[in-house]
Amino acid sequence: RYPRLRDWMMFLGLGIEISMTRNSIFYPYVTSRMKRLIGSWSSHFGTEIEISGTDFLDLVVQDMPYLDGGDLFKKAAARIRLIPQTRNLSVVFSTALRELHEEGLLKLNAYGDAAYSISLFPDQTQKISSFISVTLIDVKTAND
């Protein structure tokens, strides 16, 4: 059953297969799914709009409940008795946000060292380590 689940998750844009020397591994990768989701918001928001980081996360987990803070994430965490860190994002969520920021589809805004910022998973190769708000950029404007 695992191969079918893996194939289904890749079809949905929730993971990629990374080929190694003889084997391949499945890596959870939600960037393409999140990109489509944010693209669908363009018609609602129009041009650039800045929203708080927590409001942005709430919007994302409505359609992607398996990510940090979503209903499925909370149920899975409770099942294994994990206490989720509400202001610290997982490596999967952080990777997607950083990549979308680099592509110019959104902008992660950090204003100083605010106590209420949302921390991304640590990555020494990245400049962005946290954000307070997110600027959603109209896909049409970003492609021009």
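Notes on the structure follow. Just so it is clear, the model here is predicted, and its values are computed rather than measured.

### Some thoughts on the overall build of the chain
So, point 1. Tallying secondary structure elements over the chain gives six helices and seven strands in all.
So, point 2. Listed N to C, the secondary structure of the chain is α-β-β-α-β-α-α-α-β-β-β-β-α in terms of helices and strands.
So, point 3. Taking all 144 residues of the chain together, the buried fraction comes to 34%.
So, point 4. Counted over contacts in the chain with a minimum sequence separation of 6, partners at least 24 positions apart contribute 56%.
So, point 5. Total accessible area on the chain is roughly 9500 Å²; 55% of this is exposed by carbon and sulfur atoms.

### Observations concerning the nonpolar core
General note: in soluble globular proteins, nonpolar side chains tend to be found buried as a group.
So, point 1. Grouped together as the largest cluster of nonpolar side chains are 28 residues, with contacts concentrated most on Met34, Phe56, Val60, Leu97, Leu106 and Phe131.
So, point 2. Every element with two or more residues in this core is listed here: helix 2 (31–45), helix 3 (53–63), helix 5 (91–103), strand 4 (106–109) and strand 7 (133–136).
So, point 3. Residue contributions to this core peak at five residues, all from helix 5.
So, point 4. Not counting chain neighbours up to four residues away, the residues in contact with Phe56 comprise Ile38, Trp41, Ile51, Leu97, Leu106, Val134 and Leu136.

### Looking at the packing of aromatic side chains
So, point 1. For the coordinates displayed, the defined rule picks out one aromatic pair.
So, point 2. Seen in terms of ring centroids, Trp41 and Phe56 are 6.0 Å apart; in terms of plane orientation they differ by 85 degrees. Their pairing is edge-to-face. Highlighted residues: Trp41 in helix 2 and Phe56 in helix 3, separated in sequence by 15 residues. In this structure, Trp41 and Phe56 share a single accessibility class: buried.

Criteria and thresholds
- Residues numbered from 1 in each chain as written.
- Predicted model: local features only at pLDDT ≥ 70, side-chain atom pairs only at ≥ 80, totals over all residues.
- Heavy atoms only, no water.
- Helix = DSSP H or I, 4+ residues; strand = E, 2+ residues; numbered from the N terminus.
- Buried < 20%, exposed > 50% of the residue type's maximum accessible area, 1.4 Å probe, protein only.
- Contact = heavy atoms within 4.5 Å.
- Areas by Shrake-Rupley, 256 points an atom, 1.4 Å probe, with all protein chains shown as cover.
- Core = buried A, V, L, I, M, F, W, Y, C linked by side-chain atoms within 4.5 Å.
- Phe/Tyr/Trp six-rings, centres within 6.5 Å; stacked < 30°, edge-to-face > 60°.

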